[in-house]
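# Analysis of the macromolecular model
Next come the chains, spelled out residue by residue.
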Amino acid sequence: MKSLIAIATLTLTVASLVADTLQIGAFTLPYRFEDTNITDIVRYVVTNDVIAYKSTTTSFTPPFVEENGNVTVDSENTPGTTLYLPPVFENGIEFRIENGQTNCVIKQSLTDVAKTIEGELPTRTNLVAAAQGFIDNFCSGGTTNLTISEQRALMRTVSGDNLLTMGPDIPDEDALEAQEEMRQHFSFLPICILDTRYVNVGTNIVLLAYVRTDRPQNPSYARSIGALPLVFFDGYWSFLY
């Protein structure tokens, strides 16, 4: 049985994140954790994921008072945008007006999620960094130097219990054209480590990640940021279609 659990032998050196601000889209805000009992790896992953998750923030709503008395604001994206929001972050981040400024409060519900997979976080961090490298190389045209068969292998699909590369029913020119259209029309946003998960495909265990894709504004339809799944299998990342 093939298993990618063996990748857990990868290591990561994590430095303590001591900065007291986070880049929230176009804003630099002070932040704090509700839970102060967290390790360096949890702090590192959660803060970097918050930055990635909120990278599209362009403004904030007017302040409002919640039932508990907290004065908060909601982050906003470009008007008219529909945005894929990873469910793991739901209710995990709050922006409160405290001491006359907007603070990013990272709720315990989010750090609790990270703690449940804390032992896997170094491996997942390494793999997401590799996934980001794959996306960057793809967007820059680096994969166009691969052979046709290698470029076809960048697209995979699940058929029954099998994870297959792009099938022979799709001509080479169509496969390459589809990838070129992705390069030209997609803008890829940072990947969130906590928006990854291991799944079974037949006798294999694979890691899924989701990269949000932003298409340039088109006057004929509202801007939409969706999620494109990536899969790590046989030692490399590819798109899942």
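Right above here is the structure, for reference.
Let us look at the structure shown here. Keep in mind that what you see is a predicted model, and the values were worked out from it rather than measured.

Reading the values: the criteria
- Residues numbered from 1 in each chain as written.
- Predicted model: local features only at pLDDT ≥ 70, side-chain atom pairs only at ≥ 80, totals over all residues.
- Heavy atoms only, no water.
- Helix = DSSP H or I, 4+ residues; strand = E, 2+ residues; numbered from the N terminus.
- Buried < 20%, exposed > 50% of the residue type's maximum accessible area, 1.4 Å probe, protein only.
- Contact = heavy atoms within 4.5 Å.
- Areas by Shrake-Rupley, 256 points an atom, 1.4 Å probe, with all protein chains shown as cover.
- Pairing = 2+ DSSP bridges.
- Axes fitted to C-alpha atoms, helices over the stretch in contact; angles between N-to-C directions.
- Parallel < 35°, antiparallel > 145°, perpendicular 65-115°, else oblique.
- Left-handed = near helix turned anticlockwise from the far one by under 90°.
- Nonpolar A, V, L, I, M, F, W, Y, C, P; charged D, E, K, R; others polar.
- Lys, Arg positive; Asp, Glu negative; His and termini not counted.
- Salt bridge = Lys/Arg side-chain N within 4 Å of Asp/Glu carboxyl O.
- Expected span 1.5 Å × (residues − 1).
- Patch = residues over 30% accessible without salt bridge, like charges linked within 9 Å, V, L, I, M, F, W, Y side chains within 5 Å.
- Charge placed at Lys NZ, Arg CZ, Asp CG, Glu CD.
- Phe/Tyr/Trp six-rings, centres within 6.5 Å; stacked < 30°, edge-to-face > 60°.
- Lys NZ or Arg CZ within 6 Å of the ring centre and 35° of its normal.
- Polar contact = N/O pair within 3.5 Å; in protein donor to acceptor, adjacent residues only side chain to side chain.

### Observations concerning the overall build of the protein chain
Helix and strand counts for the protein chain come out as five helices and 16 strands. Within the span of the protein chain, comprising 241 residues, buried residues form 42% of the whole. A separation of at least 24 residues holds for 62% of the contacts in the protein chain among residues at least 6 apart in sequence. For the protein chain, the exposed surface amounts to about 12200 Å²; the carbon and sulfur share of it is 52%.

### Overview of the sheet that holds strand β9 (residues 101–106)
Spatial strand order, β1-β2-β9-β8-β5-β4: six strands in an open sheet with mixed pairing. The strands lining the two open edges of the sheet, one partner per strand, are β1 (21–24) and β4 (64–65).

### So, the packing of helix α1 (residues 40–53) against helix α2 (residues 108–116)
At a closest axis distance of 10 Å, the pairing of α1 and α2 adopts a crossing angle of 125°. Relative to α2, the element α1 is oriented oblique. Taken as a pair, α1 and α2 cross one another with a handedness that is right-handed. The segment α1 lies against α2, with Val42, Val46 and Val50 engaging Leu110, Thr111, Ala114 and Lys115. In terms of residue class, the contact of α1 with α2 is made up of five nonpolar, one polar and one charged.

### Focus: the side chain of Lys54
Note on placement: Lys54 falls in the loop between α1 and β3 (59–60). No salt bridge is formed by the buried Lys54; its nearest oppositely charged neighbour, Asp74, is found at 7.3 Å. When residues no more than four places from it in sequence are discounted, the contact partners of Lys54 are Ile24, Gly25, Ser75, Ile93 and Phe95.

### Considering the pattern of salt bridges
Any two side chains of opposite charge can pair if their charged atoms end up close together. Within the structure shown, the criterion is met by eight salt bridges. The closest approach of N and O atoms between Asp35 and Lys115, which form a salt bridge, is 2.6 Å. Of this pair, Asp35 sits in the loop between β2 (27–33) and α1 while Lys115 sits in helix α2, placing them 80 residues apart in sequence. Through salt bridges with shared partners, a single ionic network connects Glu34, Glu94, Arg96 and Lys107.

### A few points about α1
Counted at 1.5 Å a residue, the expected span for α1 with its 14 residues is 20 Å, and the 20 Å between its end C-alpha atoms agrees. Turning to α1, its buried residues number three or more, namely Ile41, Val42, Val45, Val46, Thr47, Asp49, Val50, Ala52 and Tyr53.

### A short note on the packing of α1 against helix α3 (residues 121–139)
The geometry of a pair of packed helices is captured by two quantities: the angle between their axes and the separation between those axes. At a closest axis distance of 10 Å, the pairing of α1 and α3 adopts a crossing angle of 35°. The handedness of the crossing between α1 and α3 is left-handed. The segment α1 lies against α3, with Ile41, Val42, Tyr44 and Val45 engaging Leu121, Pro122 and Thr125. Of the residues belonging to the contact of α1 with α3, the class tally is six nonpolar, one polar and no charged.

### Some words on a negative patch on the surface
The grouping of Glu173, Asp174, Glu177 and Glu181 at the surface amounts to a negative patch. Residue position: Glu173 is located in helix α5 (residues 172–185). Of the residues examined, Glu173 reaches a relative accessible area of 54% and is grouped as exposed.

### Examining the packing of aromatic side chains
With the rule as written, the count across this model stands at 11 aromatic pairs. Relative to Phe188, the ring of Phe186 lies with its centre 5.9 Å away and its plane at 70°, an arrangement referred to as edge-to-face. With respect to burial, Phe186 and Phe188 carry one shared label: buried. Members of the aromatic cluster, each reached through a chain of ring pairs, are Phe134, Phe138, Phe186, Phe188 and Phe239. In this structure, Arg183 packs its charged tip against the face of Phe138, placed 4.6 Å from the ring centre.

### Observations regarding the environment of Thr47
Mapped onto the secondary structure, Thr47 falls in helix α1. Sequence separation between Thr47 and Thr21 is 26 residues; the distance between their C-alpha atoms is 9.8 Å. Of note is the side chain of Thr47, whose polar atom sits 3.2 Å from the backbone oxygen of Tyr44.

Such coordinate-based values are descriptive only and should not be taken to indicate function.
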